[in-house]
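Now for the letters of each chain:
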Amino acid sequence: MSRAIADWRRFLTGRYAAFRTLAISDAIAVALNGDSLSIPLVTTLGASPALATLIGLFPFLGGMLQGLMPAALRRSGGDLRRLTLLIGTVGLLRPLLYLAVLVAIASGLLPPLAGIVLIAIGFGVGATAQAISGANVQTWFGRILPERERRFVAPRALAIQFGLGSVLLVPVALLVRVGEADWGVLIYAPAFFGGLVASLLFLRALRSLPRPGAISTGRSGSARPLSVPVRRFIRTNVISAVGAGFAPYLSVYAIVVLGQDAAYAILMAAIGSAAALVGAILIGNWLERGSASRLYRISLIVRGVGMASSALAGPWNPYAPLVLLVVIVVITVGFAAGMLSAQERVLRLAAPGETVRAQSTFGASNAAALAAGQLAGVVVLALLPVAYPTYVGIFVVTGAFRLVAAATADVGDDWNTATRIHHGEEAPVEAAFESQR
């Protein structure tokens, strides 16, 4: 524990200012612009569970565009920095559109249904831009940091991104609970304005990172297939992602089936983010030296059992809201562990020269699998009664997918295996930082 504290103190002080600012601003932008607020908002505006789930599908469809990153890099001359800044700028549409919709609905210029459609568009475009720019940042880290330094920085930056939103979502939930009756949808405006400011700070932090240089992805059509370990891992992750996509929004379940309000739904997200933050801090520190493959398998088991356990939070159970909060803690900790270990696993398995393709293929296939699973969830919720028995079936199926994926996952020899199969060229980190002074 003392070593973990010392390592985090080292990351939070000293020369890693650009990486800290990037992670913190991204965490705030995701928390205030993401589905933790937008999905409860569209539900209270009148979106059905099927429609709310369909809206949640849009970022996954857009996420498949990550597969075009190698081609986009070739067209831009390998300029990862300029491309990432451009995509990040597109993400500003999300909070700007949210604010415009709130004002229009509150003033009576826009009916709730039209507002739901516009929020869905902003959510899809913004979340897609955030996902692609986030994947690019991981590639960027790999370019400017040597392997030892990357393992120190990247997991900790991701840990901050996953969990810091809990600090903001708790007061936002209280604000919505206290002020929604008087202010209506305008009560969400301060949060979305904060998301806009955070998005601008994220772009500024990107500009302050050391330049990654030109990245070559090979000629179009001449790239060899990805290495076998990468392809095997991606296949396992696809199984897991289909199950993850099929999982319903627990915030919608809480509102529609358990009769809770939007403030409770936001509080669920806040508690989940807090759990993810604590878990990710410990996981990120351990992952620097530990086995990404074994952690990934454990995360699948935790998420599978946790999701299936949601069936215990039924309307027949007087403690259902409390049970649902426990489930949120379990699955979000598992999610943080899974995301951290999956990102690290891809980078460790990637052969020299295939990092960009491995990252883009992983991101695109993950998004496509999530979209397929979520589309199936939309169909189920649209055709079957929106009631507890339907959700029980969904909970069991989505949990089963994670357990099947865990059974197919390849793992290292032991928990201390932290070697990388391939070692590419590493730019000296000291030179990278010196160039920015």
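All figures in this text were calculated on a predicted structure; none of them were measured in a lab.

Draft legend 1. Seen up close, the overall build of the protein chain. Helix and strand counts for the protein chain stand at 19 helices and zero strands. For the protein chain, buried positions account for 57% of its 437 residues. Within the protein chain, contacts between residues separated by at least 24 positions form 88% of all contacts whose residues are at least 6 apart in sequence. Accessible surface, the protein chain as shown: approximately 17,900 Å² in total, 67% of it carbon and sulfur.

Draft legend 2. The packing of aromatic side chains, seen in detail. Taken as a whole and judged by the stated rule, the model has 12 aromatic pairs. For the ring pair Tyr16 and Phe152, a centre distance of 5.5 Å and an interplane angle of 40 degrees mean the geometry is tilted. A residue pair is termed long-range when its members are at least 10 positions apart, and Tyr16 in the loop between helix 1 (2-12) and helix 2 (17-33) and Phe152 in helix 9 (residues 147-163) qualify at 136 residues. Phe152 gets classed as buried once you look at its relative accessible area, which sits at 1%. Plain terms: the ring middles of Phe233 and Phe362 are 6.0 Å apart, the flat faces sit at 20 degrees to each other, and that makes the pair stacked.

Draft legend 3. Up close: the nonpolar core. Within the largest apolar cluster, 108 residues are counted, with the highest numbers of intra-cluster contacts made by Phe11, Phe19, Phe141, Tyr188, Leu206, Leu250 and Leu324. Element by element, the count of residues in this core is highest for helix 8 (residues 112-144), at 11 residues. Ranked by size, the runner-up nonpolar core spans 14 residues in total, among them Val230, Phe233, Val346 and Ala358.

Draft legend 4. Just helix 15 (residues 292-308), in detail. If you check helix 15, its first and last C-alpha atoms are 24 Å apart, about what 17 residues at 1.5 Å a residue would give, namely 24 Å. For helix 15, the set of buried residues is Ala292, Ser293, Leu295, Tyr296, Ser299, Leu300, Arg303, Gly304, Gly306 and Met307.

Draft legend 5. Quick peek at the packing of helix 15 against helix 16 (residues 320-349). Contact geometry for helix 15 and helix 16: axes closest at 8 Å, N-to-C directions at 155 degrees. Taken together, the axes of helix 15 and helix 16 are roughly antiparallel relative to one another. The hand of the helix 15/helix 16 crossing is left-handed. Contacts between helix 15 and helix 16 involve Ala292, Ser293, Leu295, Tyr296, Ser299, Val302, Arg303, Gly306 and Met307 on the former and, on the latter, Val327, Val330, Ile331, Gly334, Phe335, Ala337, Gly338, Ser341, Ala342, Glu344, Arg345 and Arg348. Taken together, the residues of the contact of helix 15 with helix 16 sort by class into 11 nonpolar, six polar and four charged.

Draft legend 6. Inspection of the packing of helix 12 (residues 228-246) against helix 16 at higher detail. With their axes 9 Å apart at the nearest point, helix 12 and helix 16 run at an angle of 160 degrees to one another. Taken together, the axes of helix 12 and helix 16 lie roughly antiparallel to each other. Of the two possible hands of crossing, helix 12 and helix 16 adopt the one that is left-handed. From helix 12, Pro229, Val230 and Phe233 reach across to helix 16, where they touch Ala342, Arg345, Val346 and Leu349. Across the contact of helix 12 with helix 16, the residue classes break down as six nonpolar, no polar and one charged.

Criteria and thresholds
Residues numbered from 1 in each chain as written. Predicted model: local features only at pLDDT ≥ 70, side-chain atom pairs only at ≥ 80, totals over all residues. Heavy atoms only, no water. Helix = DSSP H or I, 4+ residues; strand = E, 2+ residues; numbered from the N terminus. Buried < 20%, exposed > 50% of the residue type's maximum accessible area, 1.4 Å probe, protein only. Contact = heavy atoms within 4.5 Å. Areas by Shrake-Rupley, 256 points an atom, 1.4 Å probe, with all protein chains shown as cover. Phe/Tyr/Trp six-rings, centres within 6.5 Å; stacked < 30°, edge-to-face > 60°. Core = buried A, V, L, I, M, F, W, Y, C linked by side-chain atoms within 4.5 Å. Expected span 1.5 Å × (residues − 1). Axes fitted to C-alpha atoms, helices over the stretch in contact; angles between N-to-C directions. Parallel < 35°, antiparallel > 145°, perpendicular 65-115°, else oblique. Left-handed = near helix turned anticlockwise from the far one by under 90°. Nonpolar A, V, L, I, M, F, W, Y, C, P; charged D, E, K, R; others polar.

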